[in-house]
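Coordinates in review
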Amino acid sequence: MRDGRVFNWRVGVMIVILLGFILYPFRDFFTVYENLQGKMRINEQLNLYITRVEASSLSKDTFHFYLYDARKSPEAFMSHIKDIKPVMVTNDDKATATVKDGEIYLHVRGNVYSFNTVGYDVRIHLDRSPY
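Because the structure is predicted, anything quoted here is derived from the model rather than measured.

The next point concerns the pattern of salt bridges. In total, this model carries 2 salt bridges according to the counting rule given. Residue Asp 69 pairs with Arg 71 through a salt bridge whose shortest N-O separation is 3.2 Å. Looking at Asp 69, the relative accessible area reads 16%, which means it is buried.

Quick look at the sheet that holds strand β7 (residues 112–115) now. Within a sheet, adjacent strands bond to each other through the backbone by hydrogen bonds, running parallel or antiparallel. Reading across from one edge, β1-β2-β3-β4-β7 is the order of the 5 strands in this open sheet, with antiparallel pairing throughout. A single partner strand is all that each edge strand has here, and the edge strands are β1 (33–41) and β7. Across the sheet, the mean angle separating the axes of adjacent strands is 20° when strand polarity is ignored. Pairing analysis gives 3 bridges linking strand β3 (residues 62–69) to strand β4 (residues 88–90), with the strands arranged antiparallel. The residue bridging His 64 from the neighbouring strand is Val 89, located in β4.

Cut-offs used in this document
- Residues numbered from 1 in each chain as written.
- Predicted model: local features only at pLDDT ≥ 70, side-chain atom pairs only at ≥ 80, totals over all residues.
- Heavy atoms only, no water.
- Salt bridge = Lys/Arg side-chain N within 4 Å of Asp/Glu carboxyl O.
- Buried < 20%, exposed > 50% of the residue type's maximum accessible area, 1.4 Å probe, protein only.
- Pairing = 2+ DSSP bridges.
- Helix = DSSP H or I, 4+ residues; strand = E, 2+ residues; numbered from the N terminus.
- Axes fitted to C-alpha atoms, helices over the stretch in contact; angles between N-to-C directions.

By themselves, these observations are geometric and do not establish any function.
See below:
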């Protein structure tokens, strides 16, 4: 016969299962999905990549615009995306980018969260208007 209380393993398994069910809906708070939406050729050296970032189920998707080496593949771009600073971050899903004479024209209706000139020898024109 046992003298003292012993941990009941069945109760421990039930607590772990219960915590799993409680925490499962919050799994998207900690994961970020970045999908390639488009690619535009700027010149012989640069491509403009547009990605859609799904941060969580409670926030709107954001769109990141990147300049990257034209000699490398989109797979190489996606593997190095954490090391590259985006040119622009916006929440406008209808943002457009056009290229004329080696210059980039960005048209956004909505919020622009960041806009950076990244040091390449290319002019970037931003046209932002409210909704």
